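One-letter residues, chain by chain:
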Amino acid sequence: MAIRMIAGVAVFVCAEDGPCLAEDRALSDLIGQLFDSGARLVAVPLSRLGPDFLRLSTGVAGGVLQKLVNYRFQITVVGDVSDAAAKSEPLRDFIRESNRGKTVWFVEDLAALDAKLAGA
């Protein structure tokens, strides 16, 4: 993890490797690190969210995102979600609606996050 300034915003960027954040303990540890860092925006690699994250019926995405949002963090999921979105209309709708808001975003990479923050 590292704090990076992206488009003038302090972003807590999670490392590609590390524990799966779909597990309560790992997610709670991340939230503690977020509070210590002072950052309000966290960029999480899709790979850290586990294989069920993009299957909305599992409830994994809802659980992870709700916990972060309840603590008033903004989350950006960083990674290519196009294959999963192409196979699931509900996921495609969820991603589109999330990206219209200010709390949860899905971006392909940190350059896309930079562009999104610059336009916000």
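Cut-offs applied
- Going along each chain's sequence as written, the residues are numbered from 1 onward.
- In keeping with the model being predicted, local features are shown solely for residues with a pLDDT of at least 70 and side-chain atom pairs are shown and tallied solely at 80 or more, while totals for entire chains, interfaces and linings include all residues.
- Note that water and hydrogens are dropped before the side-chain values are worked out from all heavy atoms of the structure.
- Burial classes follow relative accessibility: with a 1.4 Å probe on protein chains only, a residue under 20% of its type's maximum area counts as buried, one over 50% as exposed, and anything between as partly exposed.
- Numbering goes from the N terminus for both helices and strands, where a helix is a DSSP run of H or I of at least four residues and a strand is a run of E of at least two.
- Here the arc refers to the directions that run from the helix axis out to each C-beta atom.
- Throughout, a contact is declared for two residues whenever any of their heavy atoms are within 4.5 Å.
- Two strands pair under a simple rule: DSSP has to find at least two bridges between them.
- Looking down the strands as they point away from you, a crossover is right-handed if its path from the first strand over the helix to the second goes clockwise.
- Here an axis means a line fitted to C-alpha atoms, over the contact stretch when the element is a helix, while the angle between two N-to-C directions is reported on a 0 to 180 degree scale.

Here we look at helix α2 (residues 60-70)
Then, number 1: The set of residues buried in α2 consists of A61, V64, L65 and L68. Viewed along the axis of α2, the buried residues span an arc of 90°, placing them on a single side of the element.
Then, number 2: Two residues or fewer after α2 comes R72, characterised by a positive phi angle close to 65°.

Quick word on the side chain of S98
Then, number 1: Its location among the elements puts S98 in helix α4 (residues 89-100).
Then, number 2: The contact partners of S98, leaving out residues within four places of it in the chain, are V104, W105 and F106.

Some thoughts on the pairing of strand β3 (residues 41-45)
Then, number 1: Summarising burial for β3: 5 of the 5 residues are buried, a large majority.
Then, number 2: Because side chains alternate across β3, one face comprises the buried residues L41, A43 and P45, and the other comprises V42 and V44, equally buried.
Then, number 3: Sheet topology places strand β2 (residues 9-13) next to β3; 3 bridges connect them, and they run parallel. Paired with F12 across the strands is V42, a residue of β3.
Then, number 4: Taken together, β2, helix α1 (residues 24-37) and β3 form a β-α-β motif whose crossover is right-handed.
Then, number 5: In this fold, the crossover linking β3 to strand β4 (residues 74-78) by way of α2 has right-handed handedness.

Points about the sheet that holds β4
Then, number 1: What the 5 strands build is an open sheet, ordered β1-β2-β3-β4-β5; its pairing is mixed. Pairing within the sheet leaves two strands with one partner each, and these edge strands are β1 (2-6) and β5 (104-107). The sheet shows a mean angle of 30° between the axes of neighbouring strands, taken without regard to direction.
Then, number 2: Relative to β5, β4 is paired through 4 bridges, and the arrangement is parallel. Of the residues in β5, the one forming a bridge with V78 is V107.
Then, number 3: Sitting on the sheet, helix α5 (residues 110-119) is in contact with β1, β2, β3, β4 and β5, with an inclination near 130° to β5.

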